Amino acid sequence: IRFTYADVTDSARVLCERHENGRAAAVVLGEALAACALLSADSDSPGESVQMQINCDGPLAGFQVEVTGTGDVRGYTKQKRLEELDKEAVFSSEKVLGKNGGLTVIVSTPSKVVYSGHVAANPPEVRSATARYYNQSLQIPTGVEVLTVLDGDKLERAVAVVAQKMPAGDTDAFVQVLEAFHEGKVKAMLKDRKEGDPLWDVFGLVDIETTDSRPLAFGCRCSEEAVLHSMAAFETEEITEIIDSTGSQEVTCHMCGEIYVVPEDALLQILIERGRGGGES
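Conventions we followed
- Residues numbered from 1 in each chain as written.
- Predicted model: local features only at pLDDT ≥ 70, side-chain atom pairs only at ≥ 80, totals over all residues.
- Heavy atoms only, no water.
- Helix = DSSP H or I, 4+ residues; strand = E, 2+ residues; numbered from the N terminus.
- Buried < 20%, exposed > 50% of the residue type's maximum accessible area, 1.4 Å probe, protein only.
- Contact = heavy atoms within 4.5 Å.
- Areas by Shrake-Rupley, 256 points an atom, 1.4 Å probe, with all protein chains shown as cover.
- Salt bridge = Lys/Arg side-chain N within 4 Å of Asp/Glu carboxyl O.
- Pairing = 2+ DSSP bridges.
- Axes fitted to C-alpha atoms, helices over the stretch in contact; angles between N-to-C directions.
- Expected span 1.5 Å × (residues − 1).
- Polar contact = N/O pair within 3.5 Å; in protein donor to acceptor, adjacent residues only side chain to side chain.
- Phe/Tyr/Trp six-rings, centres within 6.5 Å; stacked < 30°, edge-to-face > 60°.
- Lys NZ or Arg CZ within 6 Å of the ring centre and 35° of its normal.
- 1 Å grid on protein atoms, 1.4 Å probe; cavity = no way out; pocket = protein on both sides within 12 Å on 5 of 7 lines; lining within 4 Å.
- Points joined across faces, edges and corners; volume = space filled by probe spheres on them.

## Some remarks on the overall build of the chain
In terms of helices and strands, the chain carries ten helices and eleven strands. In terms of overall dimensions, the chain has C-alpha extents of about 70 × 40 × 35 Å along its principal axes. Classification of the 281 residues of the chain by burial places 47% in the buried group. Restricting to contacts in the chain with at least 6 residues of sequence separation, those with at least 24 account for 62%. A total accessible area of about 14,600 Å² is found for the chain, and carbon and sulfur atoms account for 48% of it.

Structure follows, in structure tokens:
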């Protein structure tokens, strides 16, 4: 039986602050980042990334998150604040995400898409959708728990754990593991656990051995160079209009919330290079 534990608390805090998320969006983003970290456990290349997306009919509309082989974590929810729901002390996943949706998982390298899988997510709740993906798309018997804890408006904890029955796994032992998930023992452990407390005692098994670990931290591939490259794809008329109207262009990275300002001289340089290259004028 293979266990994987993910703690993305620090990364989730950074991203929630960057995106100025309300309470509801913070909960979902924390859960999504933790679940995606579980799915990235098999990434064996620094250039590989795992993206996890849910589109849904609830007011949050969905999310997109990504974890790379080097442990870089980034992502966003489509809506950042749900004013009425954010005021509630406790809100259900259905209120935030709705009743219908779909989960897509994409594994890619800079040059190609390695794998893409999709499962229905009805309801589009992060834990159940992740479990369905493991069991249906990957066809691995799996138990999953995902937990985000808020302290007032601040994210206090974003963690997840998964247990998978490998082909040679002991069926009786795995049933015992699943019971711990179904009875809420795993969720309680994740909620109450202090740093240094054992992770695996809740399953009542012996000889559990930790074999691999990987640091997870906020990181994004956006850059000034990438922003300039995207601006170079604009039509000449669009760039000219920006120069005439505002003189500069503000660009926000959807994945991390970083704001870049492309100054007028950089925009003019794009037009100059385009003229030298014999392009449109």
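Having seen the model, we can carry on.
## Observations regarding the pattern of salt bridges
Going through the model one piece at a time under the given rule, you end up with nine salt bridges. Residues joined in a network through salt bridges with shared partners are E66, R74 and R221.

## Focus on the pairing of strand β4 (residues 72-77)
Counting buried residues along β4, five of its six residues qualify, which places the element largely inside the surrounding structure. In terms of strand pairing, strand β3 (residues 62-68) meets β4 through five bridges, oriented antiparallel. Residue pairing in the sheet places F63 in a bridge with T77 of β4. Between β3 and β4, which pair antiparallel one after the other, the connecting turn spans three residues, and G71 there sits at a positive phi close to 90°. Here two bridges tie β4 to strand β9 (residues 217-218), and the two strands are oriented parallel to one another. Across the sheet, the residue bridging to D72 is A217, located in β9.

## Observations regarding the environment of T171
In this fold, T171 is placed in helix α6 (residues 171-182). Overall, the relative accessible area of 47% leaves T171 in the partly exposed class. Expressed as a C-alpha distance, the spacing of T171 and I1, which sit 170 residues apart in the sequence, is 9.3 Å.

## Remarks on the sheet that holds strand β2 (residues 49-56)
On the basis of which strands lie adjacent, the open sheet formed by six strands has the order β6-β5-β2-β3-β4-β9 and mixed pairing. Of all strands in the sheet, those bounded by a partner on one side alone are β6 (113-120) and β9. Contacting β2, β3, β4 and β5 (101-108), helix α2 (residues 23-39) crosses the sheet at an angle of about 40° to β3. Of the strands in this sheet, β2, β3, β5 and β6 touch helix α5 (residues 126-137), which is tilted by about 115° from β6.

## A short note on the sheet that holds strand β1 (residues 2-7)
The three strands are arranged β1-β8-β7 in an open sheet whose pairing can be described as antiparallel. Of all strands in the sheet, those bounded by a partner on one side alone are β1 and β7 (142-151). This sheet shows a mean twist of 10° between the axes of neighbouring strands, independent of strand direction. With ten bridges connecting them, β7 and strand β8 (residues 154-164) associate as antiparallel partners. Each residue of the ladder has a partner; that of E145, found in β8, is V161. Running at roughly 145° to β7, α2 makes contact with β1, β7 and β8 of the sheet.

## Quick notes on α2
With 17 residues, α2 extends 25 Å between its outermost C-alpha atoms, agreeing within 8% with the 24 Å of an ideal straight helix rising 1.5 Å per residue. Summarising burial for α2: 17 of the 17 residues are buried, a large majority.

## Description of the side chain of T148
Its location among the elements puts T148 in strand β7. When its relative accessible area of 10% is taken as the criterion, T148 is described as buried. In this structure the side chain of T148 is engaged in a polar contact, spanning 3.1 Å, whose partner is the backbone oxygen of V27. A polar contact is formed between the side chain of T148 and the backbone nitrogen of E31, at a distance of 3.0 Å.

## Thoughts on the packing of aromatic side chains
Evaluation of the coordinates by the stated rule reveals five aromatic pairs. Ring geometry for F3 and W200: centres 5.2 Å apart, planes at 40°, overall tilted. Of this pair, F3 sits in strand β1 while W200 sits in the loop between α7 (185-192) and β9, and the two are 197 residues apart along the sequence. Neither F3 nor W200 differs from the other in exposure class; each is buried. Above the face of the Y5 ring, R193 is positioned so that its terminal group lies 5.3 Å from the ring centre.

## Things to note about the layout of surface pockets
Where empty space is left can be seen by rolling a probe of water-molecule size over the atoms. Size it by volume and the largest pocket reaches roughly 880 Å³. In terms of lining residues, the largest pocket is bounded by 26 residues, among which F3, T4, Y5, T210 and D212 are the most central. By volume, the second largest pocket amounts to about 540 Å³. Taken together, 22 residues make up the lining of the second largest pocket; nearest its centre are V27, E31, F91, T148 and K187. If you list the elements that add at least two residues to the lining of the second largest pocket, you get α2, α4 (93-97), β7 and α7. With six residues, the single largest contributor to the lining of the second largest pocket is β7.

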